[in-house]
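The lines below spell out each chain.
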Amino acid sequence: MPKLPPKDYIQVVEFPIAITLEPIGVIHSPYKERHGTPRQSQLRSAPPNYQPAIAHVELFPHRIPPIALQDLDGFDRIWLITWLHLNQSWNPTVKLPRGNRNVSHGTLATRAPHRPNPIGLSATRLLQVEGLTLTVEGIDLLDQTPVLDLKPYIPYCDAFPGARSGYVDSLESQGSHEVDVFGRDRPNHPKKNAPGWI
C-alpha cells in the first residue's frame, strides 16, 4: 500500500488570536433576572411539587436551515452552548453560593457564569422540535440569551456517574445547598432545621 503524503493541517492555519462567533438562535426563558434562576439545568433534589421551567430555543433561519435539525427529535436531552452576554468581567477566584462563604475557589474549577469567555453549557430535556423552534424543559438561562450551538446529549460519552467532583463531593456529603432556590424547604436535608443552614 503506497504511503500517503504527510498532512500538515496544523501548520497551514495560523493560531487565532481572536475568534468571532455569530449566534444561531436565542433562548426564550421565563427567567428575566438572575435572582431566582436555577444555577444548573438539572437539580439534584427538589420538592415533590417542583416543575422544571419550560423554555424555547428559537433558531435563526438565516443561520440554520430546518434540515439541520433532522433526527434531533430522537434524543431525550441536548446540550445548549450559549453566550452569557450579561457578564462583562471576571475574577480568577470566586466564592460559591453554598458551603463556606469565606473560601474561594479558582474560577475555572467552578461553574460560575463570569468567565474569561462567558460560554454557557446546559444539558436540558428536549420536548419538541417544531420547525426551527425547540421546546425544552429544565433551563438555567435568562431570557434572550444568545445560542452559539447545540448538540445531542449521548449518555455513553457524556455521562460519567463515578467521576470525582473535587470539593463538590464534599459539599454534597455535607448536604450543603444554596438557599435561594428552595430556601429551607429542600426535601430530606439533614440540616434544614439547623440555624445558619446554607
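Described below are features of the structure shown in this document. (Residues numbered from 1 in each chain as written. Predicted model: local features only at pLDDT ≥ 70, side-chain atom pairs only at ≥ 80, totals over all residues. Heavy atoms only, no water.)

A closer look at the pattern of salt bridges
Basically, it comes down to this: Within this document, salt bridges are pairs made up of a side-chain nitrogen of Lys or Arg and a carboxyl oxygen of Asp or Glu, the two lying within 4 Å of each other. The helix count covers DSSP runs of H or I at least four residues long, the strand count covers runs of E at least two residues long, and both are numbered beginning at the N terminus. Accessible area is worked out with a 1.4 Å probe on protein chains only. A residue is then buried under 20% of its type maximum, exposed over 50%, and partly exposed in between.
Inspection of the entire model under this criterion finds 3 salt bridges. Where Lys32 meets Asp143, a salt bridge forms, and the shortest distance between an N and an O atom there is 3.1 Å. Taken together, the positions of Lys32 in the loop between strand E1 (25-28) and strand E2 (54-59) and Asp143 in the loop between strand E7 (133-137) and strand E8 (146-152) put the pair 111 residues apart, joining distant regions of the chain. Classification of Lys32 as exposed rests on a relative accessible area of 62%.

Considerations on the sheet that holds E7
Condition: A pair of strands is labelled paired if DSSP reports no fewer than 2 bridges between them. Axis angles are defined between N-to-C directions and span 0 to 180 degrees, where every axis is a line fitted to C-alpha atoms and, for a helix, only to the segment in contact.
An order of E1-E2-E7-E6-E3-E8 is seen for the 6 strands of this closed barrel, with the pairing classed as antiparallel. This sheet shows a mean twist of 45° between the axes of neighbouring strands, independent of strand direction. Where strand E6 (residues 119-130) meets E7, 5 bridges bridge the pair, whose relative direction is antiparallel. Residue pairing for E7: Gln128 is matched across the bridge by Thr135.

Digging into the pairing of E2
In the case of a regular strand, side chains alternate between the two sheet surfaces. What you see with E2 is a clean split: Ala55, Val57 and Leu59 sit on the buried side and Ile54, His56 and Glu58 on the side with no burial. Where E2 and E7 come together, 5 bridges link them in antiparallel fashion. Its bridge partner lying in E7, Glu58 is registered against Thr133.

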